[in-house]
Amino acid sequence: MSLSAFGGPGEAEDKVRSLKILLAEDCENNVMLVQLFLKKLPYEIDVAEDGKVAFEKFTSSEYDVVLMDIEMPVTDGYQATTDIREYERQNGLAKTPIIAVTAHAMAENRKKAFACGCDYFLTKPVKKADLIDTIQKSCN
């Protein structure tokens, strides 16, 4: 029996769309965990260790989705998301889905993430199935 990318039986993994993902995350352990969760999927993952680097990478390449940690050094995820959304507006670009991934589960954190332009919100520790489901949902 084959398992789909969502962990259920029946669907072949080759039905999962290839994606280029920008992962903005300063914690090496979290980077490795996301890479482990997604390693069997046709995803190319580009890592940025802070929000400033994430914005620089975003403006110099094309991504299908951004996984944005909120609490990072130099530039946090809120500001990086705001900068990305402003860059998209100024350049007439379609909105790239941004998924906030944070240890902060309070309602005000969720509200602030959506207010600055995030499309989805996941709380750490993230479950593999939730991460994959949210990525796939964001790109359809």
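Above this text is the structure in question.
Residues numbered from 1 in each chain as written. Predicted model: local features only at pLDDT ≥ 70, side-chain atom pairs only at ≥ 80, totals over all residues. Heavy atoms only, no water.

1. Notes on the overall build of the protein
We apply this condition: Helix and strand definitions here come from DSSP, where helices need a minimum of 4 consecutive H or I residues and strands a minimum of 2 consecutive E residues; each element is numbered from the N-terminal end. This radius of gyration counts C-alpha atoms alone. The globule rule is 2.2 Å times how many residues there are, raised to the power 0.38. Throughout, exposure labels follow a simple rule: accessible area from a 1.4 Å probe, protein chains only, divided by the maximum for the residue type, with under 20% read as buried, over 50% as exposed, and the rest as partly exposed. Here, residues are in contact when the closest pair of their heavy atoms is within 4.5 Å. The accessible surface values rely on the Shrake-Rupley method and a 1.4 Å probe; as for residues, cover is taken only from the protein chains in view. Neither His nor the chain ends contribute to the count of charged residues, in which Lys and Arg are positive and Asp and Glu negative. Each charge is placed at NZ for Lys, CZ for Arg, CG for Asp and CD for Glu.
Regarding its fold elements, the protein presents five helices and five strands. For the protein, the α and β elements follow one another from N to C terminus as β-α-β-α-β-α-β-α-β-α. The C-alpha radius of gyration computed for the protein amounts to 15 Å, which stays within 12% of the reference 14 Å derived for 140 residues, consistent with globular compactness. C-alpha extents for the protein along the principal axes are approximately 45 × 35 × 25 Å. For the protein, with 140 residues in total, the buried portion stands at 42%. Residue pairs in contact within the protein that sit at least 24 positions apart in sequence constitute 60% of those at least 6 positions apart. Within the structure as shown, the protein displays about 7,600 Å² of accessible surface, and the carbon and sulfur contribution to it stands at 52%. If the 17 positive side-chain charges of the protein are averaged to one point and the 23 negative ones to another, these points end up 5 Å apart.

2. Digging into unusual backbone geometry
Following Lys 124, the chain continues into Pro 125 via a peptide bond in cis, with omega recorded as 0 degrees. Topologically, Pro 125 is positioned in the loop between strand 5 (120-123) and helix 5 (128-138). We note that Val 74 has phi near 65 degrees; this positive angle belongs to a residue other than glycine. For Val 74, a relative accessible area of 67% translates into the label exposed.

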